[in-house]
2 protein chains.
Amino acid sequence: MRLSQMLFVTLRDNPAEAEIPSHRLLLRAGYIRRIASGVYSYLPLMWRVLQKVSAIVRSEMDRSGALECLLPQLQPAELWQESGRWDTYTQAEGIMFALTDRAERQLGLGPTHEEVITTLAKDLIRSYRQLPVHLYQIQTKFRDEIRPRFGLLRGREFIMKDGYSFHADVASLQDTYQVMYDTYSRILSRCGLTFRAVEADSGAIGGSGSHEFMVLADAGEDEVLYTADGEYAANVEKAVSVPPAAVPSPYRKMETLSTPNATTIEALVAQLGCDPTQIVKTVLYRAGFDNGCCGLVLVSIRGDQEVNAVKLQNVLTGLAANYGASKLLDLRVADAETAQEWAAQPLPFGYIGPDLPDTYLKTTANLIPQFIRIADTTVAELKRFVTGANKAEHHRVGVNWGNTCALPALVVDVRKAQAGDRACHDPTQYLETARGIEIGHIFQLGTKYSQAMQATYTNEQGEEVPLVMGCYGIGVSRLAQAAVEQHHDANGIIWPLAIAPYQVIIVVPNITDPTQMHLATELYTKLQTVGIEVLLDDRDERAGVKFKDADLIGIPYRVVTGRTSAKGEVELVERATGKTVTLSVSEAIAYLQQQVDQL
Amino acid sequence: MRLSQMLFVTLRDNPAEAEIPSHRLLLRAGYIRRIASGVYSYLPLMWRVLQKVSAIVRSEMDRSGALECLLPQLQPAELWQESGRWDTYTQAEGIMFALTDRAERQLGLGPTHEEVITTLAKDLIRSYRQLPVHLYQIQTKFRDEIRPRFGLLRGREFIMKDGYSFHADVASLQDTYQVMYDTYSRILSRCGLTFRAVEADSGAIGGSGSHEFMVLADAGEDEVLYTADGEYAANVEKAVSVPPAAVPSPYRKMETLSTPNATTIEALVAQLGCDPTQIVKTVLYRAGFDNGCCGLVLVSIRGDQEVNAVKLQNVLTGLAANYGASKLLDLRVADAETAQEWAAQPLPFGYIGPDLPDTYLKTTANLIPQFIRIADTTVAELKRFVTGANKAEHHRVGVNWGNTCALPALVVDVRKAQAGDRACHDPTQYLETARGIEIGHIFQLGTKYSQAMQATYTNEQGEEVPLVMGCYGIGVSRLAQAAVEQHHDANGIIWPLAIAPYQVIIVVPNITDPTQMHLATELYTKLQTVGIEVLLDDRDERAGVKFKDADLIGIPYRVVTGRTSAKGEVELVERATGKTVTLSVSEAIAYLQQQVDQL
């Protein structure tokens, strides 16, 4: 493609709307334009990148045996009412755009397709002999984000590959899950990205296993914890670890001490001269369930550790049935004011221990009449520890679990793992931290949707049982921008060769010089003949402008037909390294062909 | 692909929802499933067809020099308000789905992209040196149709290629328009379709030229008129012709005759014994303009001819300014009741002449105080004709235009051309009629949108002038179904080779016969090696079921490894003709490769 014939517009200044490098660069280099908040036009260069990413996704999905299809973007409300998600998606969370057609029927714009595919499966799958089967699509999706930002990273209209597999049993699901794990790894490798597959929380969507694929980049919204041996990596929400050992307690006997103004761990440590690992701190949460009842939760955790809200949420979801509810709706730290609302007498905030008596609770119809007491595993083994005295301005020291202070019945891991913790699989390995952009997510869904929507099949024994499902998503437009976030420098984008819009750009410094133009045109034609994707910058612009633009748009190889043209030679510059060599036309072609063939 | 591993489900019975063969067959053969009214899932076989059509469209568009991009489906209301189409599209016609986001901003789901592309052009195009430029996309579009029907032919969610070109002047637009005419012709030819490019009306959208590309099929909703010499073809709405000559009038002098109950041409002819070509009939319309005023229109046309509502609409649109309006909103035949509402005295319905006095009109604020009188060209040359006497139960005969009966000032072609008329370009050619499905439409838009949205560029003289635009659309999902409507028989679909989901299907009559399976597998592998797309029907089904399914899904070539297998031979059946030959494996491969290479 000749640049003179392309609608090629670059910007010199950084656009105000962009907060991170990749977003700025895609705007400046003429890849995207914003039409509305979180809604972008993909200009011709961007569209080429998206098609290349899609082609890699498609080839790997096809290789895995999945079948490509295309499902509707308009989805009838009834399907989402059947699965029980309509209200959550259009109102509570409000992330699905909803609309009404001329016949006053409600429709949603698909943010995901579990409902549609499960309906199809119900129609098409009758027998175990049709299983397993895996359908996928590459499609524009919609989410009415609260805060669209970072360009294509959090948009309201974006391109995704989503796939759904159906199985006779969990073993078959796990096989496909592993195939998808490998497929996603290959997709990201082929796109030239540095990434980590990390264990992810699957609490909200259900199911037994889930991994996220994180493209590593400083601007990433997610934190990843991993070990250097490559054996462990998890999203911080899911990560487990062995915390540092507690310092042995200096307290010989239990006593209650006056600790005025010691409502934080720091203040307490300063006053008593103890170590944070010797303290059992108690954090108060307020949990609301879907049957309208709510409870106050006392979480005990070691003084040097923090509660992981996602882990806690999963624990409370598991407890919902105990309180006659089917799910947890809402969980938040209870501040003094909120907690006091539910208390029969003033709560000793800052001085609460794990054994705060239930008599503190008000007797109201929808309040669970006992504290929901949870101990993190870090506190169970502590001895002669420090904790609140359930009395303002006082702490107890030298406390042991037992009659004086009962250990909660529920001892679980609700701790936030952090960099520096030891790994569970090998205590010689320590967790390290990295930032990532979530590009892919794979889930073992189980029968959540098939049960709700009665998508069953007849098994070998002739029984009608629900289909077992998996789902697998990868963000195509997000991946493209993440590649820029991972691969750029001060001068612009540095596309990985596999997803670059063009592989080579030929820059003619002076188009009025017939020798230069002739050599450039010759090279342009020859490169096209051998199947290399090439841009020819034949614009009537200064050489400096052309070099700057070539760097900005990030084409992997730049060929310059400058002073060396007279000798029939060209300069070949590698965008990533700046490495420059002077070659004859045939050498340049051979070199470039070799690079492209390696893809 | 092995059929046993595909989600392959065919239906024996005709689904109730389908009215035409192509819709029935796509459902029965497992190509599509309905999710909501006018909204379909494209199952894997269908998706392959759509990808093939898209690939042909893409390759021809790229060859034409157009640049592919992707524009948003979510479109801000403001853009449509700027162009003046928001109210018409979301309310008056209501064909655009509208929705409100969480910030209470209004958005539309794109049925077309003139507004978005013009906004982009305004941002990106500054100088004549960037022109011409042509951007296109292949994308799912939305229309809230009043009556979705015929499967993919009139859906609410469908796939289109739409392109928009920008020019410095009309000459450049016309060049690109011609290139698109040729491009569309090549696309349809390559897809294996019989089609006609016809002159089309461009009145509503404006601009000076427009052609539709019609795939010929009996179930087509459009009527096409054409001449056998290939020199002329037009949509019936646009078609012009030379009607049969009028029979000379027998009436020597003007007189008024009593003609009781002769309110139709048939009754009048029967009573007077005259010929319909000797009659000037007057049809009454009611026109409403956008400034709220309305008028009664008297259209005079020869008794044997009909008024073409689209031509009349264009004439009245041209007259809008005369009445202080900017456009015609509404035009319909005025029945006795409607017309009477605007009349000061009872109208002589059935006996109205072209000279009905304006005194018949009521004097109300928003009614134009004169009849809008239009004469079709067929009546201007008539002599001593028959027409209404403007008096119940009476007609005049032997009337000449002049003092007695004034010829309307506006003499234009508002006649509906019909089969049997002579062609304008050559009176020895007669118009013939055919039914077609509109698959493509190309328009010379001119400056309609660029003016409304201030999309200007600086010309060579340094002046800022509006961009000249063209737009070009082709229905991808519609084309796929039209192909079925044109190519099927009682047994199922007969895909043209270029867009078939697979080119060959190997049917193994008995999968328990190792000779058959071995030969089939060998052929399957070898065909794949040479790049032929092949299905292997290795299902545990009776041979009869497999043959029926192969015919139903319409794969162009069926290879059967039956009784001839022992000799290492296969039977090759051409789906379209049923022609069967027995060949060795290598002969079969060579033959099939030859067919595919011809694409």
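Quick caveat: nothing in here was measured; it's all calculated off a predicted structure.

Thresholds, definitions, all that
- Residues numbered from 1 in each chain as written.
- Chains lettered and ligands numbered in written order.
- Predicted model: local features only at pLDDT ≥ 70, side-chain atom pairs only at ≥ 80, totals over all residues.
- Heavy atoms only, no water.
- Helix = DSSP H or I, 4+ residues; strand = E, 2+ residues; numbered from the N terminus.
- Buried < 20%, exposed > 50% of the residue type's maximum accessible area, 1.4 Å probe, protein only.
- Pairing = 2+ DSSP bridges.
- Contact = heavy atoms within 4.5 Å.
- Least-squares fit on C-alpha atoms with pLDDT ≥ 70 in both.
- Domains from an automatic or database assignment.
- Buried area = accessible area lost by both parts, 1.4 Å probe.
- Axes fitted to C-alpha atoms, helices over the stretch in contact; angles between N-to-C directions.
- Parallel < 35°, antiparallel > 145°, perpendicular 65-115°, else oblique.
- Left-handed = near helix turned anticlockwise from the far one by under 90°.
- Nonpolar A, V, L, I, M, F, W, Y, C, P; charged D, E, K, R; others polar.
- Salt bridge = Lys/Arg side-chain N within 4 Å of Asp/Glu carboxyl O.
- Polar contact = N/O pair within 3.5 Å; in protein donor to acceptor, adjacent residues only side chain to side chain.

> Tell me about the side chain of Gln305 of chain A, residues and numbers included.
Along the chain, the position of Gln305 of chain A falls in the loop between strand S15 (294-302) and helix H8 (309-319). With relative accessibility at 1%, the residue Gln305 of chain A sits in the buried group.

> Describe helix H12 (residues 476-486) of chain B, with residues and values.
Most of H12 of chain B sits out of view: 11 of its 11 residues are buried. Within H12 of chain B, burial applies to Val476, Ser477, Arg478, Leu479, Ala480, Gln481, Ala482, Ala483, Val484, Glu485 and Gln486 of chain B.

> Outline the pairing of strand S28 (residues 534-537) of chain B, listing residues and values.
All names here are of chain B. Burial of the side chains of S28 extends over both faces: Val534 and Leu536 are buried on one face and Leu535 and Asp537 on the other. Summarising the sheet, strand S27 (residues 504-507) and S28 pair through 4 bridges and their orientation is parallel. Within S28, the residue paired with Ile506 across the bridge is Leu536.

> Account for unusual backbone geometry, naming residues and giving values.
Note on backbone geometry: most residues besides glycine have negative phi, and most peptide bonds are trans. Residue and element names in this part refer to chain A. Omega for the peptide link from Leu131 to Pro132 comes to -10°, which places this bond in the cis form. Structurally, Pro132 can be placed in the loop between helix H5 (114-124) and strand S7 (133-142). In this structure, Phe150 takes a positive phi of about 60° despite not being glycine. Structurally, Phe150 is set in the loop between S7 and strand S8 (157-167). What makes Phe150 buried here is its relative accessible area of 10%. The phi dihedral of Asn261 falls on the positive side, at around 60°, and the residue is not glycine. By the secondary structure assignment, Asn261 is in the loop between strand S13 (255-258) and helix H7 (265-272).

> Give a description of the environment of Arg332 of chain B that names residues and reports values.
All names here are of chain B. Examined against the element boundaries, Arg332 turns out to sit in strand S16 (residues 328-333). Considered as a pair, Arg332 and Glu104 are 228 residues apart in the sequence and their alpha carbons are 38 Å apart. The contacts of Arg332, once residues within four sequence positions are left out, are Tyr285 and Arg286.

> Please set out the relation of the copies chain A and chain B residue by residue, giving values where relevant.
Overlaying chain A with chain B gives an RMSD of 0.2 Å, the required rotation being 180° about an axis along which the chain moves by 0.1 Å. Overall, the copies show the geometry of a two-fold rotation axis. Rotation axis and chain A: the residue whose C-alpha lies nearest the axis is Leu99 of chain A, separated from it by 2.6 Å. A share of 100% of interface residues in chain A that are also interface residues in chain B marks the association as one of identical surfaces.

> Break down the domain arrangement of chain A for me, with residues and values.
Interfaces are frequently sized by the accessible area removed from exposure as the parts join. Residues and elements named next belong to chain A. Here chain A is described as being made up of domain 1 (21-73 + 110-240 + 433-484), domain 2 (255-412) and domain 3 (502-597). The gap between the C-alpha centroids of domain 1 and domain 3 is 38 Å. In this complex, domain 1 contributes 7 residues to the contact, which on the side of domain 3 involves 5 residues. Counting the surface lost from both domain 1 and domain 3, the interface buries some 610 Å², and carbon and sulfur atoms represent 57% of this. For domain 1, the biggest contributors to the area lost against domain 3 are Leu45, Arg48 and Lys52; these three give 57% of the whole.

> Give a detailed account of the packing of helix H2 (residues 44-63) of chain B against helix H6 (residues 170-190) of chain B, specifying residues and quantitative values.
Residue and element names in this part refer to chain B. Across the interface, H2 lies against H6 with an axial gap of 10 Å and an inter-helix angle of 150°. The angle between H2 and H6 places the two elements in the roughly antiparallel class. Like other packed secondary-structure pairs, H2 and H6 cross with a definite hand, here right-handed. In contact with Ile56, Val57, Ser59, Glu60, Met61 and Arg63 of H2, H6 contributes Met180, Thr183, Tyr184, Arg186, Ile187 and Arg190. Of the residues belonging to the contact of H2 with H6, the class tally is 6 nonpolar, 2 polar and 4 charged.

> For the pattern of salt bridges, give the residues involved together with the corresponding values.
Residues and elements named next belong to chain B. For the structure on display, the rule yields 68 salt bridges over all chains. Glu60 is the partner of Arg190 in a salt bridge, and the nearest nitrogen-oxygen pair spans 2.9 Å. Here Arg190, found in helix H6, pairs with Glu60, found in helix H2; they are 130 residues apart in sequence, far enough to count as distant. Exposure remark for Glu60: the relative accessible area of 2% places this residue in the buried category. Between Asp355 and Arg396 there is a salt bridge, and its shortest N-O distance comes to 2.8 Å. With Asp355 in the loop between helix H9 (336-341) and strand S17 (372-376) and Arg396 in strand S19 (residues 394-399), the pair connects residues that are 41 residues apart, well separated along the chain. This pair shows no difference in class: Asp355 is buried, exactly as Arg396 is.

> Could you give an account of the interface of chain A and chain B, naming the residues involved and the relevant values?
Contacts between chain A and chain B engage 55 residues on the former and 55 residues on the latter. Carbon and sulfur atoms supply 65% of the area buried between chain A and chain B, which totals about 4800 Å² over both sides. Three residues stand out in chain A for area buried against chain B, namely Leu7, Leu70 and Arg102 of chain A, and they jointly supply 16% of the buried area on that side. Across the chain A-chain B interface, the total number found is 4 salt bridges. The interface formed by chain A and chain B includes 19 residue pairs in polar contact (both at pLDDT 80 or more). Considering only residue class, the side of chain A that touches chain B consists of 35 nonpolar, 8 polar and 12 charged.

> Could you give me a rundown of the pairing of strand S17 (residues 372-376) of chain A, with the residues and numbers involved?
All names here are of chain A. Of all 5 residues in S17, 4 are buried; the element is thus mostly enclosed. Relative to S17, S15 runs parallel, the two sharing 4 bridges. Note on S17: the bridge partner recorded for Val297 is Ile372. Inspection of the sheet shows S17 paired to strand S20 (residues 410-412) by 3 bridges, in the parallel sense. Bridge pairing in S20 links Asp376 to Val412.

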